[in-house]
Amino acid sequence: MKLKVDAVLDPQFAPLALLCREMREKTAECGQDVVIGIERNKGYVTTYKTRIYPDGIGKDDENFDFVERIVKSLLWVAGGWKIIFAGSKVVGERIKAAYEKGGLRDFDNGFMSRVYETPFEVELRDLEHAPVNNNCPEPVGRHLDGCRIGFDAGGSDRKVSAVIDGEAVYSEEVVWFPKLNSDPKYHYDGILSAMKTAASHMPRVDAIGVSSAGVYIDNRIMIASLFLKVPDEEFDKHVKNMYLDVAKELGENIPIEVANDGDVTALAGAMDLGDNNVLGVAMGTSEAGGYVDGEGNITGWLNELAFVPVDACKNAMVDEWSGDYGCGVKYFSQDGVIKLAPAAGIELDESLSPAEKLKVVQGLMKQGDPRAQKIYETIGVYFGYAIAYYTEFYDIKHVLIMGRVTSGEGGSVLLAKAQEVLDTEFPDIASGIELHIPDESSRRVGQSVAAASLPEIRKA
């Protein structure tokens, strides 16, 4: 696999975007079709069609390695409790074994089972009965009428705004420590206090919008790092319906909409740009993603890009949580910066926290250190190829990057290198995509207004 733009500090980098292209080219004359479907709540299904080598010609391992990466990617892009695989029975049986309890993808099985409250399964079909798309994105957001509360639940501070007819009339940020507290009452009281404060600056509350890291289904909290210390039994009893319960305390029948913060960031960007098909990628402690489709809707997909692989090299760094290799969390986060430091010749004090190590590299970048420059250039190469890979699943016109990794000069270097990869390697994709770094201060205000705009006010 030859890269036209080298990842200077990572010579073994094998972009999945190139693997997809090579597989299509090499199987153009003699390949077999396969269709992958992921089913989630309400029977919604997201599909992906590709082509692989025919079974039984000595390419079965290559077929599995390729398909397994695609299945993993689609699963974490769309989210779901069932994989439906149509086409090659040889590959299908190996995918089924990988996703069994105790199998290669045991983590994915357990995570999705919990999110969708349904046992995970893999269903094999022939191509005649291949799954078909069944997605029904509902219009969410861009509602600016009335008196609204916009709440953004961060891991280190909580932000709330009172928004009247699209204008933030009051905003505050309060430091809190949700990830350190095991008593859900701490979280409940903090959220309720913030919303009551916002409500006190308006004549009434017509709607509540919430932006929060985690996975939300029908406004219920399924998994969220804010409640990391809360025991499972307490989580089910007191956390799952927390936002719904808080809304009831503020008034009867107040519409509330809860969305992943990545989606809300993408929505804020779409509102600011006045356009749609926006993919937002936050590079911080981890990699977070959000997407607004061509109709300006949030799709209901997971968009958990941290778990989406971007590197086909099996020697790539492994994510400690999922136990998988080559996933975005180790490329587009502070971990991505830290892992490249030794290759750049930068020694970081092991007693420092990851955030402090990032600051050291950013300080060197500010001083014009060429070693730090190489780190950001390499991440930019990663990102350019990753954007091309993301287009396998998303229809993208705009990519927004944000998060602490992108602050300062490093973000500009990263974005320029990503653009170089797209221009050089994928000119057809480059011609239809614009890359952006939003202004930090305007993004903060935009985020609260976007969160507040999530629910539609029911007319009497």
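Here the structure is shown first, and the text comes after it.
No experiment lies behind these values; they were computed from the predicted model shown.

Caption draft 1: View of the overall build of the protein chain. Counting secondary structure elements, the protein chain contains 14 helices and 15 strands. Expected size for 460 residues packed as a compact globule is a radius of gyration near 23 Å; at 22 Å, the protein chain falls within 12% of this value. Considered along the principal axes of its C-alpha atoms, the protein chain spans approximately 70 × 55 × 40 Å. Within the protein chain, buried positions represent 56% of all 460 residues. If you sum the accessible surface of the protein chain, you get close to 19,100 Å²; carbon and sulfur atoms cover 49% of it. The positive charge centre, built from 48 side chains, and the negative charge centre, built from 72, are 2 Å apart in the protein chain.

Caption draft 2: Local environment of the state of the cysteines. Within this structure, the stated rule accounts for zero disulfides. You can see C313 has no disulfide; the closest cysteine sulfur is in C327, sitting 13 Å from it. Given the relative accessible area of 11%, C313 is considered buried.

Caption draft 3: Local environment of the sheet that holds strand β11 (residues 256-260). Pairing is mixed across the open sheet formed by five strands, whose spatial order is β7-β6-β5-β8-β11. Each having just a single partner strand, β7 (167-175) and β11 make up the two edges of the open sheet. Along the sheet, successive strands turn relative to each other by an average axial angle of 15 degrees, direction set aside. Sheet topology places strand β5 (residues 147-153) next to strand β6 (residues 157-164); seven bridges connect them, and they run antiparallel. Bridged to R148 within β6 is V163. Against the sheet, helix α8 (residues 261-273) touches β8 (207-212) and β11, its axis set at about 100 degrees to β11.

Caption draft 4: A look at the sheet that holds strand β12 (residues 278-283). Here we have four strands laid out as an open sheet, ordered β13-β12-β14-β15, and mixed in their pairing. Every interior strand has two partners, whereas the edge strands, β13 (287-292) and β15 (434-436), have only one. Across the sheet, the mean angle from the axis of one strand to that of its neighbour is 15 degrees, orientation sign disregarded. Here β12 pairs with strand β14 (residues 398-402) via five bridges, running parallel. Directly across from V281, in β14, lies its bridge partner I401. The sheet strands contacting α8 are β12, β13, β14 and β15, and the helix crosses β13 at an angle near 50 degrees.

Caption draft 5: View of the environment of W81. Checked against the element boundaries, W81 lands in the loop between α2 (60-78) and β3 (82-86). Each C-alpha atom of the pair W81 and F66 lies 21 Å from the other, and the pair is 15 residues apart in sequence. For W81, the residues in contact, after removing those within four places along its chain, are E39, R40, N41, Y116, T118, P119, F120 and E121.

Caption draft 6: Seen up close, the packing of helix α5 (residues 184-199) against helix α7 (residues 242-250). Between α5 and α7, the least distance of the axes is 10 Å, while the angle of their chain directions is 45 degrees. Of the possible angle classes, the one that applies to α5 and α7 is oblique. Handedness of the crossing formed by α5 with α7: right-handed. The residues of α7 that touch α5, namely those facing P184, H187, Y188, I191, L192, M195 and K196, are M242, Y243, D245, V246, E249 and L250.

Caption draft 7: Up close: the pairing of β14. The element β14 is largely enclosed, with a buried count of five among its five residues. Two strands pair when backbone bridges link them, and β14 and β15 are joined in this way by three bridges, in the parallel orientation. Along β15, the bridge assignment pairs L400 with H436.

Caption draft 8: Looking closely at a nonpolar patch on the surface. On the surface, V175, F177 and L180 cluster together into a nonpolar patch covering about 340 Å² of accessible area. Position of V175 relative to the elements: it lies in strand β7.

About the cut-offs
- Residues numbered from 1 in each chain as written.
- Predicted model: local features only at pLDDT ≥ 70, side-chain atom pairs only at ≥ 80, totals over all residues.
- Heavy atoms only, no water.
- Helix = DSSP H or I, 4+ residues; strand = E, 2+ residues; numbered from the N terminus.
- Rg over C-alpha atoms; globule rule 2.2 N^0.38 Å.
- Buried < 20%, exposed > 50% of the residue type's maximum accessible area, 1.4 Å probe, protein only.
- Areas by Shrake-Rupley, 256 points an atom, 1.4 Å probe, with all protein chains shown as cover.
- Lys, Arg positive; Asp, Glu negative; His and termini not counted.
- Charge placed at Lys NZ, Arg CZ, Asp CG, Glu CD.
- Disulfide = S-S within 2.5 Å.
- Pairing = 2+ DSSP bridges.
- Axes fitted to C-alpha atoms, helices over the stretch in contact; angles between N-to-C directions.
- Contact = heavy atoms within 4.5 Å.
- Parallel < 35°, antiparallel > 145°, perpendicular 65-115°, else oblique.
- Left-handed = near helix turned anticlockwise from the far one by under 90°.
- Patch = residues over 30% accessible without salt bridge, like charges linked within 9 Å, V, L, I, M, F, W, Y side chains within 5 Å.
- Salt bridge = Lys/Arg side-chain N within 4 Å of Asp/Glu carboxyl O.

Purely spatial values, then, with no claim about function.
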